[in-house]
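# Descriptive structure summary
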Amino acid sequence: MALTQPTNSEFPYSLTISVPLPTNRLASCALRALEVDAELSPFVRRTLTLGAPAVEAPSQPKEKKQKQDPDEAKTVLKITYIATTNRMLRVSVNGFMENLGVVLGVMAELDIDVLKAEMEG
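Residues numbered from 1 in each chain as written. Predicted model: local features only at pLDDT ≥ 70, side-chain atom pairs only at ≥ 80, totals over all residues. Heavy atoms only, no water.

Its UniProt record, at the heading Sequence similarities (unreviewed entry), says of the chain: "Belongs to the CTAG/PCC1 family." (UniProt positions renumbered as here; feature names shortened; annotations may be inferred.)

### So, the packing of helix α1 (residues 24–35) against helix α3 (residues 86–110)
Interhelical geometry of α1 versus α3 gives an angle of 135° and a closest axis separation of 10 Å. On the basis of their axis angle, the class for α1 and α3 is oblique. For the element pair α1 and α3, the recorded crossing hand is right-handed. Taken together, the residues of α3 that come into contact with α1 (itself represented by L26, A30, A33 and L34) are F96, N99, L100, V103 and M107. (Axes fitted to C-alpha atoms, helices over the stretch in contact; angles between N-to-C directions. Helix = DSSP H or I, 4+ residues; strand = E, 2+ residues; numbered from the N terminus. Parallel < 35°, antiparallel > 145°, perpendicular 65-115°, else oblique. Left-handed = near helix turned anticlockwise from the far one by under 90°. Contact = heavy atoms within 4.5 Å.)

### Some thoughts on the side chain of R46
Positionally, R46 belongs in strand β3 (residues 44–51). Owing to a relative accessible area of 18%, R46 belongs among the buried residues under this scheme. In this structure the side chain of R46 is engaged in a polar contact, spanning 2.3 Å, whose partner is the backbone oxygen of D37. Filtering out sequence-adjacent residues up to four positions away, R46 remains in contact with L34, E35, D37, A38, E39, I79, T80, Y81 and F96. (Buried < 20%, exposed > 50% of the residue type's maximum accessible area, 1.4 Å probe, protein only. Polar contact = N/O pair within 3.5 Å; in protein donor to acceptor, adjacent residues only side chain to side chain.)

### Remarks on the pairing of strand β4 (residues 76–83)
In this structure, strand β2 (residues 13–20) lies alongside β4, joined through 8 bridges in antiparallel fashion. Counterpart to L15 in the pairing with β4 is Y81. Two strands pair when backbone bridges link them, and β3 and β4 are joined in this way by 8 bridges, in the antiparallel orientation. Across the sheet, the residue bridging to V44 is A83, located in β4. (Pairing = 2+ DSSP bridges.)

Dropping the structure here:
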């Protein structure tokens, strides 16, 4: 999580949360599941995007990195909040974190790859 400097006098409080996920498919799934719930308060705004990690994993061979689809590298779910007060920011982020926990829990329990690995292992 990163607090950023105010850039909007109407919404002076902001927070960016980055959630790294193992694959683009899981990151995209989380994004789609979370973006359907609009922010209810007019005093808070939220944006959700996918991005690539700041530092690439050194474990992948260079050839694989070059052949990889640019969208496949987007495995980080980035959530940016701006709010009129620090209290509104805190309340909104707390609610979002509960939703994020549910989405990640369901993904861990029901993801096909996870189930396949458990059956083989």
